[in-house]
Number of protein chains: 4
Amino acid sequence: MKGFLHPRTPTGRASVTAGPPWHYAGDLITVEYRTDPAKVAALLPEPLAPAAEDPGAVALIWADWQACSDGGEELLDPVRSQYRECFVVVRCRFAGRTYSRCVFIWVDKDFSLARGIHQGYPKKIGSIHQTRPHPYGPAPRIEAGARFGATLAAGDRRLAEAVIELTEPSPHNGFVNAHPMAHHRRQPNIEPGKPDSYSELVESGAAAFEGGPAWAARAELRLFESPTEELADLTVEEHIGAYYRQVGVTWNGGTVLA
Amino acid sequence: MKGFLHPRTPTGRASVTAGPPWHYAGDLITVEYRTDPAKVAALLPEPLAPAAEDPGAVALIWADWQACSDGGEELLDPVRSQYRECFVVVRCRFAGRTYSRCVFIWVDKDFSLARGIHQGYPKKIGSIHQTRPHPYGPAPRIEAGARFGATLAAGDRRLAEAVIELTEPSPHNGFVNAHPMAHHRRQPNIEPGKPDSYSELVESGAAAFEGGPAWAARAELRLFESPTEELADLTVEEHIGAYYRQVGVTWNGGTVLA
Amino acid sequence: MKGFLHPRTPTGRASVTAGPPWHYAGDLITVEYRTDPAKVAALLPEPLAPAAEDPGAVALIWADWQACSDGGEELLDPVRSQYRECFVVVRCRFAGRTYSRCVFIWVDKDFSLARGIHQGYPKKIGSIHQTRPHPYGPAPRIEAGARFGATLAAGDRRLAEAVIELTEPSPHNGFVNAHPMAHHRRQPNIEPGKPDSYSELVESGAAAFEGGPAWAARAELRLFESPTEELADLTVEEHIGAYYRQVGVTWNGGTVLA
Amino acid sequence: MKGFLHPRTPTGRASVTAGPPWHYAGDLITVEYRTDPAKVAALLPEPLAPAAEDPGAVALIWADWQACSDGGEELLDPVRSQYRECFVVVRCRFAGRTYSRCVFIWVDKDFSLARGIHQGYPKKIGSIHQTRPHPYGPAPRIEAGARFGATLAAGDRRLAEAVIELTEPSPHNGFVNAHPMAHHRRQPNIEPGKPDSYSELVESGAAAFEGGPAWAARAELRLFESPTEELADLTVEEHIGAYYRQVGVTWNGGTVLA
């Protein structure tokens, strides 16, 4: 049976996604802030420990992607390549190294959800929007003074909204999401009460990367309560910074850490 | 960390679904037909064998659900309980027993997709519609002569459409989906080329069931090609029957077969 | 050129909706309350006056419909017949008569939006959900103690949510939406600053009606702010009642009042 | 009462759209072809006549927009500014002038639908996707050899799909959509059998325009049947050309022709 993921068939054609490498082109809006470090620590399961420095740092990131597997055929049927996501990244420590870790993420297409589950991203479906740069008309160029909005909703409730205003080029795109990712992958046992069918800590990062200049930005960020979400519990105690960057990324697997 | 599935947190509130038991109320439209038995066999991985009798039988089933976990709070925020799905069931044999097996399935909500992956259903996101019975106005009652339409789309392409016309009460709701389910659960290794992180054959079925009378029906069924789907390859060679039934079901885990 | 509405063609087949009569089968959840009568009056343009009695009464109504034109073919392709809506009704007076009037309404399909604009309903697109009664499983039956949730969102923001609990059969389904509708129909001039291309006050109501028993209910209702909506300004000052009813309705045109 | 369109209130805030001028930034994929001129003529109501030259020319255009009213606040809540549309343009003649005319159009947001109805575009809701250019990763740059896909669906059926490959800069962006638009605006009478409440022929065009270089392209185009659409009847008899262009446009009203 072929197919990277389900459903598997003799051809593999129906699989919700072809296998990696996966290639991405997109725009990232990043808002970094500090919350109570205890709230970040509470989201880090064993064997992860809080980051040694700035352990309350959080990045809320919006991404507007076009993605494909090798060959790129998804790009020409864009309902199969375009998606948007919004995700929350914190940092943690394992075996003496600092990792980034996605603790919440919402995405608007199933192929991306499936890829993310493979990578250890805790993906749920949401509705994500972000202003796109454009060279003409009322949309912003990527330049000082340009303003971009970004919003997240799930379950018919708005969960987050940000407006950023670009100020100047930045030597980096933030520090919270700048490490390899340390994610748990796990599936509960089909038999209630028995140990998970698998549970592992994995590391992965970009296999290839290119990007334009990062821009620093001022940001306003608002988080909203929902009975099914815990994003708003990561209250904004102090703004760190915000960034805009266009990137091209390839992901091609990771390694098992534990 | 709590939470039946991701994302896991100290409270478990953000999990894409609470754990089982899961309770369902809904209407099922079932269309059974025969395709080339070799096509069914080709969808059965080791160690499954084709059913001993009528090995080319296929059931295409539409379901319009309201579902909840214990306590039922999802029912009062119905964006969290209502979903529709369309799925393809065949039969297979393992260790001397006959099982039903879902080979393709599309659903329109993430909580259902996540529950399904746990159960071994190969769920992808689709757009599913079926006519609902209603006691007043132009919608059909559940009675002889009543007609119901059912459609499936994914990736902005229509994949299947059926119209059934109820003829008379039936002693059963079809035979293809009448066995315990035998499903594979599996996750590829994060490290390309290495063995799956887990791969198992599981069995599950209803922990509780109630239902109204089944109705037999005449059916017209049309399947359509898509570059990302293989449903249409299960060509309709011979109609078997069609059914309508309202049911209440509870699912509460399964067992590992292999 | 044929076609009740656009686009018009020699066959009329592409029209966003066939012409009336339009037939509806569905379930209504009605929550009636009093707001400041001045807020209702402010939504009544000339020549309408506030209702003589209880001029602050508001009905917030959720409806889960299957609708069709004569012949009913939409019912068998249910993406073309099923839709949900949530709307706000107040009462007003014109020429000595009391009318109901829809001041806000959200719907989730274009064919319904187009029909509504024809009828003078100020329809916008939203996301609407309401618990459905079902004879089996965890969903409610229509009986004392049954609880139904209902929610409204637009622009990725939740605007309203209600939970009702049925208490006993009711001799009526509320009084706010019980009169003929008095609606304005209007289109601004394509030439800025010039008079409307048409503007008229129309009356319409059901051409045929059947329905099950109405049920009285207790209700909790919450309204939420949005930068693009004014529903929450109709604050709940006093609960009046709530109702559940299944109905079948036909609409077949109206008359011009002014 | 204020509000450019419904619902009208004392503040006008709830109106489905603020009034013009409306500003747009977006990318256009245009595919021009010839169909049987009689099929175009059949879509032109009185008093319009077929274009004098090349009367069977058709442009199928995809557009990926960000749009706003003066002030631009919609851009920062992008669920209110971003939309996609696909539309069919032909040419016609009136009073000795050549006009463009949109005969079919699908769009994915209500504010755009409402603006379009005001402009005489026969808008329905659809699902529209087109590949976006991007400076990094696997998405195309705007350059020779770049390939873009574009798709249209409505009612859960795919209606059209195109793939274009840019060949060289073009001195124009096609000729079919290059004239002022001549559209009918009309609303049937609320009283069946009576004359339309208004019916008029209007002209409008861009009040301001800027754009990047147009690119010529090779195109493959496929149209698909649907029971509710007539796009596929405009069969492709001969390819004319295809184009890609990024533009900024302002629309600010039109004039009544008849």
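Just so it is clear, the model here is predicted, and its values are computed rather than measured.

Colleague: Is there a simple way to think about the relation of the copies chain A and chain B in this case?
Modeller: There are two copies of the chain, and a rotation about an axis plus a shift along that axis relates them. Superposing chain A onto chain B takes a rotation of 180 degrees plus a shift of 0.0 Å along the axis, which leaves an RMSD of 0.0 Å. Expressed as a symmetry operation, the mapping of one chain copy onto the other fits a two-fold axis. Taking the C-alpha atom as reference, chain A places Tyr198 of chain A closest to the rotation axis, 3.1 Å from it. The share of interface residues of chain A whose copies in chain B are also at the interface is 100%, consistent with both copies meeting through the same surface.

Colleague: Looking at this model, I keep getting lost on the relation of the copies chain D and chain B. Mind explaining?
Modeller: Once chain D has been moved 0.0 Å along the axis and rotated by 180 degrees, it coincides with chain B to within an RMSD of 0.0 Å. Counting the interface residues of chain D, we find that 100% of their copies in chain B are interface residues as well, pointing to one common contact surface.

Colleague: Where do I start with the interface of chain D and chain B in this structure?
Modeller: Accessible area lost upon the coming together of the parts serves often as the stated size of an interface. If you look at the interface, chain D gives 8 residues, while chain B gives 8 residues. When the two sides are added together, the surface that chain D and chain B hide from each other amounts to roughly 680 Å², 28% of it contributed by carbon and sulfur. The largest contributions to the chain D side of the interface with chain B come from Asp156, Arg157 and Arg158 of chain D, which together make up 78% of the buried area. On the surface where chain D and chain B come into contact, there are 2 salt bridges. A salt bridge links Arg157 of chain B to Glu161 of chain D, with the nearest nitrogen and oxygen atoms 3.3 Å apart. In this structure, the connection of chain D to chain B is made through 9 residue pairs in polar contact (both at pLDDT 80 or more). Looking at the side of chain D that touches chain B, the elements with two or more residues in it are β7 (127-130) and β9 (157-170) of chain D. Broken down by element, the side of chain D that touches chain B gets its largest block of residues, 3 residues, from β9 of chain D. In terms of residue class, the side of chain D that touches chain B is built from 1 nonpolar, 3 polar and 4 charged.

Colleague: Hey, could you run me through unusual backbone geometry in this one?
Modeller: Glycine aside, residues mostly have negative phi, and peptide bonds are mostly found in the trans state. Along the chain, Pro20 of chain B connects to Pro21 of chain B via a cis peptide bond; the corresponding omega equals 10 degrees. Tracing the backbone through its elements, the reader meets Pro21 of chain B in the segment before β1 (22-34). Residue His6 of chain D is joined to Pro7 of chain D through a cis peptide bond whose omega torsion reads -20 degrees. Examined against the element boundaries, Pro7 of chain D turns out to sit in the segment before β1 (22-34). Positive phi outside glycine occurs at Ala95 of chain A, with the angle close to 50 degrees. The topology assignment puts Ala95 of chain A in the loop between β4 (82-94) and β5 (97-107).

Colleague: Even after reading the chapter, I still don't get the pattern of salt bridges, so can you show me in this structure?
Modeller: Once the charged atoms of two side chains with opposite charge are near each other, the side chains can pair. Under the criterion given, the structure shown has 77 salt bridges over all chains. The closest approach of N and O atoms between Arg84 of chain C and Asp108 of chain C, which form a salt bridge, is 3.3 Å. With a gap of 24 residues between them, Arg84 of chain C in strand β4 (residues 82-94) and Asp108 of chain C in the loop between β5 (97-107) and α2 (110-119) connect regions that are remote in the sequence. The exposure class of Arg84 of chain C is buried, given its relative accessible area of 16%. Connected via shared salt-bridge partners are Glu73, Asp77 and Arg80 of chain A, Arg157 of chain B together with Arg158, Glu161 and Arg222 of chain D.

Colleague: Just to check I follow, could you spell out the side chain of Ser69 of chain A for this structure?
Modeller: All names here are of chain A. With respect to the helices and strands, the residue Ser69 is situated in strand β3 (residues 57-69). A distance of 2.7 Å separates a polar atom in the side chain of Ser69 from a polar atom in the side chain of Glu74. In contact with Ser69, other than residues within four places in its own chain, are Ala18, Gly19, Pro21, Trp22, His23 and Glu74.

Colleague: What exactly am I supposed to notice about the interface of chain A and chain B here?
Modeller: Counting residues at the interface gives 59 residues for chain A, matched by 60 residues for chain B. Of the roughly 4700 Å² buried between chain A and chain B, counting both surfaces, carbon and sulfur atoms make up 59%. It is Arg13, Ile190 and Glu230 of chain A that lose the most area in chain A upon contact with chain B, and together they represent 16% of the buried surface on that side. The interface formed by chain A and chain B contains 4 salt bridges. Of the charged contacts in the structure, one is a salt bridge between Arg13 of chain B and Asp233 of chain A, with a shortest N-O distance of 3.5 Å. Here chain A and chain B share 38 residue pairs in polar contact (both at pLDDT 80 or more) between them.

Colleague: I would appreciate a short explanation of the side chain of Arg185 of chain B in the present structure.
Modeller: Position of Arg185 of chain B among the secondary structure elements: in strand β10 (residues 181-187). At 2.8 Å, the side chain of Arg185 of chain B and the backbone oxygen of Pro188 of chain A are in polar contact.

Colleague: For this particular structure, what's the right way to read the packing of aromatic side chains?
Modeller: Geometry of an aromatic ring pair is reported as the spacing of the ring centres plus the angle between the planes. All names here are of chain B. Scanning the model with the defined rule gives 30 aromatic pairs over all chains in all. Judged by centre distance (5.5 Å) and plane angle (65 degrees), the rings of Tyr24 and Trp65 are edge-to-face. Taken together, the residues span a long stretch of sequence, with Tyr24 in strand β1 and Trp65 in strand β3 (residues 57-69) at a distance of 41 residues. Of the two residues, Tyr24 and Trp65, both sit in the buried class.

Colleague: Looking at this structure, I do not really get the pairing of strand β5 (residues 97-107) of chain D. What am I missing?
Modeller: Along any regular strand the residues' side chains alternate between the sheet's two faces. Residues and elements named next belong to chain D. Taken across its 11 residues, β5 has 9 buried, putting it largely inside the fold. Alignment of strand β4 (residues 82-94) against β5, held across 10 bridges, turns out to be antiparallel. Across the sheet, residue Val90 finds its bridge partner in β5, namely Arg101. Hairpin connection from β4 to β5: 2 residues lie between these consecutive antiparallel strands, with Ala95 at a positive phi of about 50 degrees. Both β5 and strand β6 (residues 123-125) contribute to a ladder of 3 bridges, which runs parallel. Following the sheet pairing, Val107 is matched in β6 by Ile125.

Conventions and cut-offs
Residues numbered from 1 in each chain as written. Chains lettered and ligands numbered in written order. Predicted model: local features only at pLDDT ≥ 70, side-chain atom pairs only at ≥ 80, totals over all residues. Heavy atoms only, no water. Least-squares fit on C-alpha atoms with pLDDT ≥ 70 in both. Contact = heavy atoms within 4.5 Å. Buried area = accessible area lost by both parts, 1.4 Å probe. Salt bridge = Lys/Arg side-chain N within 4 Å of Asp/Glu carboxyl O. Polar contact = N/O pair within 3.5 Å; in protein donor to acceptor, adjacent residues only side chain to side chain. Helix = DSSP H or I, 4+ residues; strand = E, 2+ residues; numbered from the N terminus. Nonpolar A, V, L, I, M, F, W, Y, C, P; charged D, E, K, R; others polar. Buried < 20%, exposed > 50% of the residue type's maximum accessible area, 1.4 Å probe, protein only. Phe/Tyr/Trp six-rings, centres within 6.5 Å; stacked < 30°, edge-to-face > 60°. Pairing = 2+ DSSP bridges.

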